[in-house]
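What follows is the residue order along each chain.
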Amino acid sequence: MGVIGSLTALAIPILLEQTGVKDVNPIQAIGWFVMVMIPITLLIAVIPTPETISPDDGAHFKFSDYARLFARGNVIRVLAADLFVTLGPGWMAALYMFFFMNSRGFTQTGASLLLMVYIVAGFVGAPLTAALANRISKHQALMLTTTLYSVGLGLLLFLPKGNFAWFVPAMAIEGALAAGFGVMIRAITADIGDELRLEGGREQIGLLYSLTAATSKLAGAFSIALTFNLLALFGYDPRGGAANTPEQLLVLDLAFIIGPIAFVMLAGACFIGYKLDAKTHAEIRRQLDERDGVSVNYDEAAVLEGLTAEPGQATVDRR
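How each quantity is defined
- Residues numbered from 1 in each chain as written.
- Predicted model: local features only at pLDDT ≥ 70, side-chain atom pairs only at ≥ 80, totals over all residues.
- Heavy atoms only, no water.
- Helix = DSSP H or I, 4+ residues; strand = E, 2+ residues; numbered from the N terminus.
- Buried < 20%, exposed > 50% of the residue type's maximum accessible area, 1.4 Å probe, protein only.
- Contact = heavy atoms within 4.5 Å.
- Areas by Shrake-Rupley, 256 points an atom, 1.4 Å probe, with all protein chains shown as cover.
- Axes fitted to C-alpha atoms, helices over the stretch in contact; angles between N-to-C directions.
- Parallel < 35°, antiparallel > 145°, perpendicular 65-115°, else oblique.
- Left-handed = near helix turned anticlockwise from the far one by under 90°.
- Nonpolar A, V, L, I, M, F, W, Y, C, P; charged D, E, K, R; others polar.
- Patch = residues over 30% accessible without salt bridge, like charges linked within 9 Å, V, L, I, M, F, W, Y side chains within 5 Å.
- Salt bridge = Lys/Arg side-chain N within 4 Å of Asp/Glu carboxyl O.
- Lys, Arg positive; Asp, Glu negative; His and termini not counted.
- Polar contact = N/O pair within 3.5 Å; in protein donor to acceptor, adjacent residues only side chain to side chain.
- Phe/Tyr/Trp six-rings, centres within 6.5 Å; stacked < 30°, edge-to-face > 60°.
- pLDDT = per-residue confidence, 0-100.
- Expected span 1.5 Å × (residues − 1).

> What should I look at first to understand the overall build of the protein chain in this one?
Each helix and strand in the protein chain was counted, giving twelve helices and zero strands. Residue burial in the protein chain is summarised as follows: out of 319 residues, 37% are buried. Taking as baseline every contact in the protein chain between residues at least 6 positions apart, the subset at least 24 positions apart corresponds to 75%. For the protein chain, the accessible surface area stands at approximately 17,400 Å², while carbon and sulfur atoms represent 68% of it.

Laid out in structure tokens, this is it:
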């Protein structure tokens, strides 16, 4: 749904141009589209998914509960990873048009089409990353995809400038890998929520997701401020028609590549030594099910595990 929304927003300026609308600012049109869709999509999300209150969730949360979360190592891991994994693509997004037009020699239309390829690839990348996580583990899938993303981003500098045929598959691969970042971070957050509930006796997944949402917003804003100030520091002029020197274009290239690679690799590194793997999480879920009085058919689960899961991964059939 995020991919569909992004593509729709990107299509609005194109539709305005094709229909001959001249008196509407395309950026403002995108803003109004978002404002109108927020209440509609909110209802679509909320109405068919009523919240199930867990048996041990009966108290209100205080600000001190947030503070206690920061004392947990796994919480710090996932928040730091979420910050870095958002900063990387956010940094790239801020410099995207400058890099592809001024450095790689594409027109605005060509750069926009490559961006659409990058976004559409998320349709494939998100489920593939989930399938990969089922084969290895969620944190290892994140570490692998962040590494491959970084390698692929560096290779963009070596592709023929202005060659659309070369850049299309490269951007498709990068977009597919990037789409899996958010999927894995949210899935890992859910696992950590189960761990906290088992040890603390309270459902805190809402607190965790509110924190990851906050770090994502912070990273998105920080990436824009950081990139433009960095380019200005080294003399690059982003204004249309500006005559930047080869040295200034080199600064643009290095900023576009090094920043995202550094942050994305830091996101993967956050899970070095991470212990909450599939086997550990399955045991946590078993204990939670027992405490909640959920009957689990472990014999059938063992059969299903042999058919669908890797050794060490548990699959349970909740009845």
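Don't stop here, the text continues.
> What is the right way to read the packing of helix α4 (residues 73-103) against helix α10 (residues 246-269) from this model?
For any two helices packed against each other, one specifies the crossing angle of their axes together with the interaxial distance. For the pair α4 and α10, the least separation of the axes is 8 Å and the interaxial angle reads 160 degrees. Relative to α10, the element α4 is oriented roughly antiparallel. In the crossing of α4 with α10, the sense of the turn from one axis to the other is left-handed. When the residues that make up the contact of α4 with α10 are grouped by side-chain class, the tally is 21 nonpolar, four polar and one charged.

> Can you walk me through a nonpolar patch on the surface in this structure?
Together, M1, I4, V120, F123, V124 and L128 make up an exposed nonpolar region whose accessible area comes to about 610 Å². When residues of the nonpolar patch are assigned to their parent elements, the largest contribution, three residues, is made by helix α6 (residues 122-135). Tracing the chain through its elements places V120 in helix α5 (residues 108-120).

> Before we go on, may I ask you to explain the side chain of E203 in this structure?
Assignment of secondary structure puts E203 in the loop between α8 (164-200) and α9 (205-233). An unpaired buried charge is present at E203: no salt bridge exists, and R197, the closest side chain of opposite charge, is 4.4 Å distant. Here I205 takes part through its backbone nitrogen, which lies 3.4 Å from a polar atom of the side chain of E203.

> What's the story with the pattern of salt bridges in this structure? I'm lost.
Once the charged atoms of two side chains with opposite charge are near each other, the side chains can pair. Applying the stated criterion across every chain yields a total of eight salt bridges. Linking E283 and R286 is a salt bridge whose minimum nitrogen-to-oxygen distance equals 2.6 Å. In this pair, E283 and R286 are both assigned in helix α11 (residues 278-292), three residues apart and thus about one turn of the helix distant. A relative accessible area of 25% means that R286 is categorised as partly exposed. Between E290 and R286 there is a salt bridge, with its nearest N and O atoms 2.5 Å apart. Taken as a pair, E290 and R286 lie in helix α11 at a separation of four residues, close to a single helical turn. Judged by its relative accessible area of 47%, E290 is partly exposed. Within the structure, one salt-bridge network assembled from shared partners comprises D194, R285 and D289.

> What's the story with the packing of aromatic side chains in this structure? I'm lost.
How two aromatic rings sit relative to each other is given by the distance of their centres and the angle of their planes. One pass over the structure, following the stated rule, counts 14 aromatic pairs. Between F100 and F167, the aromatic rings sit 5.7 Å apart at their centres with planes inclined by 70 degrees, giving edge-to-face as the arrangement. Residue F100 is found in helix α4, and its partner F167 is found in helix α8; the two are separated by 67 residues along the sequence. The buried category is assigned to F100, whose relative accessible area is 0%. Relative to F256, the ring of F100 has its centre 6.2 Å away and its plane inclined at 85 degrees; by these criteria the two rings are edge-to-face.

> Even after reading the chapter, I still don't get the confidence of the model for the protein chain, so can you show me in this structure?
Do not read the fine detail of predicted coordinates wherever pLDDT is low. When pLDDT is averaged along the protein chain, the result is 84, and 88% of the positions lie at 70 or above. Confidence scores differ between elements of the protein chain, with helix α12 (residues 298-308) showing the lowest mean pLDDT of 39 and helix α7 (residues 138-155) the highest of 95. Scored below 50 in pLDDT, residues 298-319 shows 36 contacts in the model against residues more than four places distant or in partner chains.

> What should I look at first to understand α8 in this one?
The periodicity of an α-helix, 3.6 residues per turn, causes residues three or four positions apart to be oriented the same way. Across its 37 residues, α8 extends 54 Å between first and last C-alpha, which sits within 8% of the 54 Å expected from 1.5 Å per residue. Its side-chain oxygen at 3.2 Å from the backbone nitrogen of A165, N163 defines the N-terminal cap of α8.

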